Amino acid sequence: MKDNLSRMLALFVASCIFVRMSVLCVFAWTGILYYVMIMCFAFYSLYIYFKGIAVYSIDKPLLCFLAVGFISIVFNDVDYHFQPWLRLLGFVIISISFGPLLESKQNLLIKKKIFIYFKNLGIIFCITSLFLKFAGVSFFAPLAFGLGYHDMVVAPIAYIVSIFVLNDLLMFRKRRLITLMALMFCLGCGMLTGSRGALGSFLLAISLYIILVINGPKKILYIILCLSFAYFMYEYNPFGLLDHFFEKMERDSSDMSFVLSGRDQMIEDRLKDFQESPLYGAGFASMKNILNSKVDFQSGIIESGSSWFLLLGSTGLLGVLFFILTVIMDIGKAFVTKTNIPALVAIVFILSHMTVEGYIISFGAPMCAIFWMFLSLIKGNVEFCNIINSK
């Protein structure tokens, strides 16, 4: 009975993540559903903690990062439009529910189930989006990409799911043909979005995966295969998968710009925030210099241009230091022991991708929840070695 309830909770959480990223997000009820899901998951995690059910750790660097966020708001006169206290509270809830702030074996088992549903729903999401895009079908949202409300939302999901599907293809012998087809479709979905930041992060992540997983002469073989595949895609562009990618490159080269075109001015604003308050920033997930930044003063929604520079500008050196410590302490042992490599590689993908997207402390962004869940699973895997690797 309890196992069925945990599976239902895991399916509900994973489904809410994809609903939030889908074209359905234009309806207000999807946002309400997403925040209700986060709150329910957080209350569940707190229930486990207060009942003392096998809680083995509190993530101290993450706790210090939250303290820096608190200080950054207290010692700054943050514009009320940014709702800094609400943003900090939301991130605390994410840290408790999805993140590694409070950990227990029972909570990790739930997250493992969420991860499994996330991967399976992600495959369906990407394949369906690919075929809808080819068919020219678009729903509700003007910038929709298949089932996703924007191509920049679909891109990281497609590549993250591709990492896990590739691992299944190499590690498990069952249904290899179906797994290979799923991998090709997910990769095709990612490429069709034309996201250069996501593609570059994926190539970095796959290189790391080969280094960590493949041993002996096979490593050279896989490197050659990957390079050959990249050359084939670049040279022949089958089915026009890279048309959007080449269009962006051509447009940027004509504008004498670089890969970060469209974001560099927002990053300049974040650097100004940092220069004005280098120790603890301009206020958690908030801004002071907004000349070149996109801010909706009615909803408080912001576009920072980069998660790394948002961390630097809004929480200063202290915030960046404790964020890096949180990541290093949670994934360091996983690098050494080579446990749960797919999630580790996915974390590296996100750490690279967040250079061009500002979601890492935005509690309303599904990618924020996904990142902190992966980090929590990796940390838990060090304590319970087989909790995640078992299929």
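Predicted model, so just to flag it, every value in this text is computed and none were measured.

Parameters and conventions
Residues numbered from 1 in each chain as written. Predicted model: local features only at pLDDT ≥ 70, side-chain atom pairs only at ≥ 80, totals over all residues. Heavy atoms only, no water. Helix = DSSP H or I, 4+ residues; strand = E, 2+ residues; numbered from the N terminus. Areas by Shrake-Rupley, 256 points an atom, 1.4 Å probe, with all protein chains shown as cover. Expected span 1.5 Å × (residues − 1). Buried < 20%, exposed > 50% of the residue type's maximum accessible area, 1.4 Å probe, protein only. Axes fitted to C-alpha atoms, helices over the stretch in contact; angles between N-to-C directions. Parallel < 35°, antiparallel > 145°, perpendicular 65-115°, else oblique. Left-handed = near helix turned anticlockwise from the far one by under 90°. Contact = heavy atoms within 4.5 Å. Nonpolar A, V, L, I, M, F, W, Y, C, P; charged D, E, K, R; others polar. Polar contact = N/O pair within 3.5 Å; in protein donor to acceptor, adjacent residues only side chain to side chain. Phe/Tyr/Trp six-rings, centres within 6.5 Å; stacked < 30°, edge-to-face > 60°. Core = buried A, V, L, I, M, F, W, Y, C linked by side-chain atoms within 4.5 Å. Salt bridge = Lys/Arg side-chain N within 4 Å of Asp/Glu carboxyl O.

### Describing the overall build of the protein
Helix and strand content of the protein: 14 helices and 4 strands. Accessible surface for the protein amounts to roughly 18,300 Å². Of this, 69% is attributable to carbon and sulfur atoms.

### Structural notes on helix H2 (residues 28-51)
The α-helix winds at 3.6 residues per turn, so residues separated by three or four positions along the chain end up facing the same way. With 24 residues, H2 extends 35 Å from end C-alpha to end C-alpha; this agrees with the ideal 34 Å at 1.5 Å per step. Buried residues of H2: Thr30, Gly31, Tyr34, Met37, Ile38, Phe41, Ala42, Tyr44, Ser45 and Ile48, and no others.

### Let's talk about the packing of helix H6 (residues 151-171) against helix H8 (residues 196-213)
Between H6 and H8, the shortest axis-to-axis distance is 10 Å and the interhelical angle comes to 20°. With respect to each other, H6 and H8 are oriented roughly parallel. Considering the relative orientation of H6 and H8, their crossing is right-handed. Counting all contacts with H6, which are made through Ala155, Pro156, Tyr159, Ser162, Ile163, Leu166, Asn167, Leu170 and Met171, the residues of H8 involved are Ala198, Leu199, Phe202, Ala205, Ile206, Tyr209 and Val213. When grouped by side-chain class, the residues that make up the contact of H6 with H8 number 14 nonpolar, 2 polar and no charged.

### Some thoughts on the environment of Met171
Position of Met171 relative to the elements: it lies in helix H6. A residue is classified by how much of its surface remains accessible, and Met171, at 43% relative accessible area, is partly exposed. C-alpha of Met171 to C-alpha of Val213: the two residues are 42 residues apart in sequence and 9.8 Å apart in space. Once you skip the residues sitting within four places of it in the chain, Met171 turns out to touch Tyr209 and Val213.

### Some thoughts on H8
The end-to-end C-alpha distance of H8 is 25 Å, a good match for the 26 Å that 18 residues give at a rise of 1.5 Å each. Where burial is concerned, most of H8 is hidden: 13 out of the 18 residues are buried. Measuring from the side-chain oxygen of the N-cap residue of H8 to the backbone nitrogen of Ala198 gives 3.2 Å; that N-cap residue is Ser195.

### Structural notes on the packing of aromatic side chains
Under the counting rule described, the total for this entry stands at 23 aromatic pairs. On the basis of an interplanar angle of 85° and a centroid distance of 5.5 Å, the ring pair of Trp308 and Phe323 is categorised as edge-to-face. Here Phe323 and Phe371 contribute two aromatic rings whose centre-to-centre distance is 6.2 Å and whose plane-to-plane angle is 20°, an arrangement assigned as stacked. Pair noted here: Phe323 is in helix H12 (residues 307-337) and Phe371 is in helix H14 (residues 366-383), with a separation of 48 residues, a long-range link.

### Some points on the nonpolar core
With 107 residues, the main nonpolar core has Phe98, Ile157, Phe323, Ile350, Phe371 and Phe374 as its most contacted residues. With 13 residues, H6 is the single largest residue contributor to this core. The residues touching Phe374, leaving out its near neighbours within four places in the chain, are Phe115, Phe118, Ile160, Phe164, Ala346, Ile347 and Ile350.

### Considering the side chain of Asn167
With respect to the secondary-structure elements, Asn167 resides in helix H6. Setting aside anything within four residues of it in sequence, one finds Asn167 in contact with Tyr209 and Pro342.

### Some points on the pattern of salt bridges
Any two side chains of opposite charge can pair, on the condition that their charged atoms come close. Enumeration over the complete set of coordinates arrives at 3 salt bridges. A salt bridge links Asp59 to Lys379; its shortest N-O distance comes to 3.5 Å. Taken together, the residues span a long stretch of sequence, with Asp59 in the loop between strand E1 (55-58) and helix H3 (60-74) and Lys379 in helix H14 at a distance of 320 residues. The buried category is assigned to Asp59, whose relative accessible area is 3%. Lys379 gets classed as buried once you look at its relative accessible area, which sits at 13%. With a shortest N-O distance of 3.4 Å, Asp273 and Arg270 are connected by a salt bridge. With Asp273 and Arg270 both in helix H11 (residues 264-276) and 3 residues apart, the pair spans about one turn of that helix. Note on Arg270: relative accessible area 1%, which makes it buried.

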